[in-house]
Amino acid sequence: PVVGYASAGEGWTPFDESNVGETIAFELNGPDYIGIQVRGDSMSPVFRDGDHLLCRRTTSPNVDNFIGLECVLRTTAGENYVKILARGSRPGRFNLRSYNPLFRDSEDVKIEWIAPILWVKRRGI
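To start, this report covers the structure provided alongside it.

So, how was this worked out
Residues numbered from 1 in each chain as written. Predicted model: local features only at pLDDT ≥ 70, side-chain atom pairs only at ≥ 80, totals over all residues. Heavy atoms only, no water. Helix = DSSP H or I, 4+ residues; strand = E, 2+ residues; numbered from the N terminus. Buried < 20%, exposed > 50% of the residue type's maximum accessible area, 1.4 Å probe, protein only. Contact = heavy atoms within 4.5 Å. Areas by Shrake-Rupley, 256 points an atom, 1.4 Å probe, with all protein chains shown as cover. Lys, Arg positive; Asp, Glu negative; His and termini not counted. Charge placed at Lys NZ, Arg CZ, Asp CG, Glu CD. Core = buried A, V, L, I, M, F, W, Y, C linked by side-chain atoms within 4.5 Å. Polar contact = N/O pair within 3.5 Å; in protein donor to acceptor, adjacent residues only side chain to side chain.

### Section: the overall build of the protein
Stage number 1. Secondary structure assignment for the protein yields 0 helices and 9 strands.
Stage number 2. Of the regular secondary structure in the protein, the N- to C-terminal order runs β-β-β-β-β-β-β-β-β.
Stage number 3. In terms of overall dimensions, the protein has a C-alpha envelope of 50 × 30 × 30 Å along the principal axes.
Stage number 4. Within the span of the protein, comprising 125 residues, buried residues form 29% of the whole.
Stage number 5. Taking as baseline every contact in the protein between residues at least 6 positions apart, the subset at least 24 positions apart corresponds to 44%.
Stage number 6. For the protein, the exposed area adds up to about 8,500 Å²; of that, 50% sits on carbon and sulfur atoms.
Stage number 7. Between the centroid of the 15 positive side chains of the protein and the centroid of its 16 negative side chains there is a distance of 9 Å.

Set out below in structure tokens:
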């Protein structure tokens, strides 16, 4: 059930009882849904050791639709990343932004497939 809303800042406000009732359906069926387990703290505090990232893999030509999103992906060079997708210097090329400043961004890569992160299952939950 949806019990409230988030707005400015980091707080959230509960709905009054007359607004409660909406639910969120969540189903993962099909071969394009994948999970990635996080190991270590290189993506902390966004993702933590033991979290699972649930994604839907696509080879869509419309990769631009995922600009600004956290994604699991494979480049055409065979490198695998969990990064934030950004525009590259020209069409068909993308920059991959790191969460942790200790790890470098990747510039102007071509993408074989991409899987936007749909849901994070936290360790122990």
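Resuming the write-up.
### What about the nonpolar core?
Stage number 1. Judged by nonpolar contacts, I34, V38, M43, F47, L53, C55, V72, V82, Y99, W113, A115 and I117 together constitute the single largest core of 12 residues.
Stage number 2. If you list the elements that add at least two residues to this core, you get β4 (52-56) and β9 (111-121).
Stage number 3. At 3 residues, the largest contribution of residues to this core is made by β9.
Stage number 4. Not counting residues within four places of it along the chain, the set of residues in contact with L53 comprises I34, G35, I36, V38, F47, V72, V82, I117, W119 and V120.

### Details of unusual backbone geometry
Stage number 1. A cis geometry characterises the amide bond from S44 onward to P45, with omega recorded as 5°.
Stage number 2. Here D108, not a glycine, exhibits a phi torsion of approximately 50°, which is positive.
Stage number 3. Of note, D108 is situated in strand β8 (residues 106-109).
Stage number 4. Here D108 falls in the partly exposed class, since its relative accessible area comes to 24%.

### Regarding the side chain of D51
Stage number 1. Note that D51 resides in the loop between β3 (33-37) and β4.
Stage number 2. Among the polar contacts listed, one links the side chain of D51 to the backbone nitrogen of R48, at a separation of 2.8 Å.
Stage number 3. Engagement of the side chain of D51 in a polar contact is seen with the backbone nitrogen of R123, the distance being 3.1 Å.
Stage number 4. Look past the residues within four positions of D51 in its chain and what remains in contact with it is I36, Q37, V38, V120, K121, R122 and R123.

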